[in-house]
Amino acid sequence: MLNAFEPRVVLQEVPGEVSLAWLVTGCPLACPGCHSQDSWDPHAGTPLTEARLNRWLDRYDGLVSCVLFFGGEWDRHSLLALLRHCRRLGLKTCLYTGRERISGLLMAELDYLKTGPWRAELGGLDSPYTNQQLRCLTTGELLNHHFRRAP
Ligand code: SF4
């Protein structure tokens, strides 16, 4: 079972989607300079059950088009169940992971995937030097350009 903090609705993290975003706790990667170190403890937050997900989706019924998970790939079984649940409800799915790669089983349940650990010297998705990539898995399109400000 994964734990997560309370979710929030976000407009920018997945271009073209209104996403219910969950910060899953227990990330084992320990990137230097991580902005979410309070989420490293897997006991932080509360259990991310389907019932809890449903309560929040009911609250934003008709508004949210996608469910975004910041992490959770370290418990593949639990995350797969949540992704499949979201898809059964007709919602798109996105994972932001600090890993370079994830399993094919997870990929098959995702519409969008952000890969790559946080490297402060390279910056995030809004940086031209970033090591991170956000892709639409349906088309293979790289979506990083949506995060860049015009010069
Ligand atoms: S992957 Fe993300 S949450 Fe995990 S340590 Fe790195 S920056 Fe922090």
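Residues numbered from 1 in each chain as written. Predicted model: local features only at pLDDT ≥ 70, side-chain atom pairs only at ≥ 80, totals over all residues. Heavy atoms only, no water.

Operational definition: UniProt positions are given in the numbering used here, feature names are shortened, and annotations may be inferred rather than shown by experiment.
Per an unreviewed UniProt entry, the protein goes by Anaerobic ribonucleoside-triphosphate reductase activating protein and derives from Oceanimonas pelagia. Note on the protein: under the UniProt heading Cofactor (unreviewed entry), the record states "[4Fe-4S] cluster".

Some points on the pairing of strand β7 (residues 112-115)
Test applied: Only protein chains enter the area calculation, which uses a 1.4 Å probe; residues under 20% of their type maximum are buried, those over 50% are exposed, and those in between are partly exposed. Think of it this way: any DSSP run of H or I at least four residues long counts as a helix, any run of E at least two long counts as a strand, and we number them from the N terminus. Should DSSP find at least two bridges between two strands, the strands are taken to pair.
Side chains Y112 and K114 of β7 all project onto a buried face; the interleaved residues L113 and T115 project onto the opposite face, where all are buried too. The pairing of strand β6 (residues 92-96) with β7 spans three bridges and is parallel. By the bridge assignment, Y96 is partnered in β7 with K114. Summarising the sheet, β7 and strand β8 (residues 133-136) pair through four bridges and their orientation is antiparallel. Its bridge partner being in β8, Y112 is matched across the sheet by C136.

As for the pattern of salt bridges
Keep this limit in mind: Think of a salt bridge as a Lys or Arg side-chain nitrogen and an Asp or Glu carboxyl oxygen that are within 4 Å of each other.
Applying the stated rule across the entire model yields six salt bridges. Between R52 and E6 there is a salt bridge whose closest N-O contact spans 2.5 Å. Here the residue R52 occupies a position in helix α1 (residues 50-59), and E6 occupies one in the loop between β1 (3-4) and β2 (8-10), the gap between them amounting to 46 residues. Taking relative accessible area as the criterion, E6 reaches 52% and is therefore assigned exposed. Residue R87 pairs with E109 through a salt bridge whose shortest N-O separation is 3.8 Å. Highlighted residues: R87 in helix α2 (residues 76-88) and E109 in the loop between α3 (104-107) and β7, separated in sequence by 22 residues. Look at R87 and you get partly exposed, because its relative accessible area is 29%. Connected through shared salt-bridge partners, R84, R87, E109 and D111 make up one network.

Description of the packing of α1 against α2
Convention followed: For helices, the fitted line uses only the C-alpha atoms of the stretch in contact; every axis is such a line through C-alpha atoms, and the angle between N-to-C directions lies from 0 to 180 degrees. For a crossing to be left-handed, the near helix must be turned anticlockwise from the far one by less than a right angle; the clockwise case is right-handed. The contact criterion used is simple: two residues touch if any of their non-hydrogen atoms lie within 4.5 Å. Three residue categories are used. Nonpolar comprises Ala, Val, Leu, Ile, Met, Phe, Trp, Tyr, Cys and Pro, charged comprises Asp, Glu, Lys and Arg, and polar comprises the others, including Gly.
Running from N to C, α1 and α2 cross one another at 35 degrees; their axes reach a closest spacing of 11 Å. Handedness of the crossing formed by α1 with α2: right-handed. Contact with α1, carried on its side by E50, L53 and N54, involves A81, L82, H85, C86 and R88 of α2 and no other residues of that element. Counted by class, the contact of α1 with α2 contains four nonpolar, two polar and two charged residues.

Describing the environment of A21
Position of A21 relative to the elements: it lies in strand β3 (residues 19-23). The contact partners of A21, leaving out residues within four places of it in the chain, are P7, R8, V10, L68 and F70.

Brief notes about the sheet that holds strand β5 (residues 66-70)
The mixed open sheet is built from six strands, whose spatial order is β2-β3-β5-β6-β7-β8. Edge positions in the open sheet fall to β2 and β8, since each of these has one partner strand only. The mean angle between the axes of side-by-side strands here comes to 20 degrees, regardless of whether they run parallel or antiparallel. The sheet strands contacting α1 are β3 and β5, and the helix crosses β3 at an angle near 145 degrees. Its contacts with the sheet place α2 against β5 and β6, and it is angled at close to 165 degrees to β5.

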